[in-house]
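# Close look at the chain arrangement
The primary structure of each chain is shown beneath.
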Amino acid sequence: MCWGATADLVAGTAIAATGVACAARTRRLRDLPLAALPLLLGAHQIIESVVWRADGGTGPATVAWAVIALPVLALWVPLGVLCAAPPQARLRLALPSAAGAATAAALAYSLATRPVTARIRGHTLGYVLELPHPGLLVAGYLVATVGALLLSGDRVLVWLGVLVAGGAAVCAALWRLEFISTWCAFAAVCSVVLLGWSGRRPAGTADRDARPA
């Protein structure tokens, strides 16, 4: 994220707290993975504050940050949307789910076989990892994450997808070398819209889907 360790720590703590609230408000068990997304993204920003304090490098915090940013989110977001989606939306969500699984596998392999390095560039962090076919992996990542939200059929999730897609375009234009860090930070902030989503119970939901008291 921009500015430094303190900004990441404060923002991450606030976003993680929102994630806890989202999980607590969730009415259906199958909504929990997506409702917990702000908690994951908040923890992600807190980890990046550790990367800042370590002056970047290749330490455990850098690796943990990259694991969450790359394979975990590529799989978590489309599967979370798929779990929460109504039956009629699940067929069209097969593509982003499959893209997420394939992309996550390729990214996990790259992280297991190649070093990842964090570099401080002014008020931003850049992460360097040699990836095979980077254009294809970026496309798969966007289809999995942004695509799943846009195809969800849920107004709030579609709106979140639009915000995240717009943020990706802005971050790519302004911070090409620091794109992944700045976009993850932007997505973390946007994820707080799930607080309102998590408290809803769509009309017609069966009682068996409700969380036990």
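The notes below deal with the structure included here. Note that the structure is predicted; figures quoted are calculated from it, not measured. (Residues numbered from 1 in each chain as written. Predicted model: local features only at pLDDT ≥ 70, side-chain atom pairs only at ≥ 80, totals over all residues. Heavy atoms only, no water.)

### Quick word on the packing of helix α4 (residues 60–84) against helix α6 (residues 134–150)
Stated formally: Here, axes are lines fitted to C-alpha atoms. For helices the fit covers the stretch in contact, and angles between N-to-C directions go from 0 to 180 degrees. Put simply, DSSP H or I for four residues or longer makes a helix, DSSP E for two residues or longer makes a strand, and each gets a number counted from the N terminus. Roughly parallel refers to an angle under 35 degrees, roughly antiparallel to one over 145, roughly perpendicular to one between 65 and 115, and oblique to any angle outside these ranges. Less than a right angle of anticlockwise turn of the near helix away from the far helix marks a crossing as left-handed, whereas a clockwise turn marks it as right-handed. Two residues form a contact once any of their heavy atoms are found within 4.5 Å. For this classification, the nonpolar set comprises Ala, Val, Leu, Ile, Met, Phe, Trp, Tyr, Cys and Pro, the charged set comprises Asp, Glu, Lys and Arg, and every other residue, Gly included, is treated as polar.
Following both chains from N to C, one finds α4 and α6 inclined at 30°, their axes separated by 8 Å at the closest point. For the element pair α4 / α6, the angle class is roughly parallel. As α4 runs across α6, the sense of the crossing is left-handed. Across the interface between the two elements, A69, L70, L73, A74, V77, P78 and V81 of α4 pack against Y141, A144, T145, A148 and L149 of α6. Its residues placed into classes, the contact of α4 with α6 shows 11 nonpolar, one polar and no charged.

### Considerations on the nonpolar core
Note the following rule: For this analysis, a nonpolar core means a set of buried residues of the types Ala, Val, Leu, Ile, Met, Phe, Trp, Tyr and Cys, connected via side-chain atoms within 4.5 Å. Only protein chains enter the area calculation, which uses a 1.4 Å probe; residues under 20% of their type maximum are buried, those over 50% are exposed, and those in between are partly exposed.
Ranked by size, the top nonpolar core spans 49 residues in total, and within it L37 and L73 carry the most contacts. No other element matches the 11 residues that α4 contributes to this core. When neighbours within four sequence positions are excluded, L73 is seen to be in contact with L37, L40, L41, I68, P78, Y141 and T145.

### Some words on the packing of aromatic side chains
Inclusion rule: Put simply, two rings from Phe, Tyr or Trp (the six-membered ring, in Trp's case) pair if the centres are within 6.5 Å, and we call them stacked under 30 degrees between planes, edge-to-face over 60, tilted for the rest.
Overall, the coordinates contain one aromatic pair when judged by the stated rule. Consider the rings of W65 and Y127, whose centres lie 3.9 Å apart with planes at 0°: the pair is stacked. Of the two residues, W65 is situated in helix α4 and Y127 in strand β2 (residues 124–128); the sequence distance between them amounts to 62 residues. Across the pair, Y127 and W65 agree in class, each one buried.

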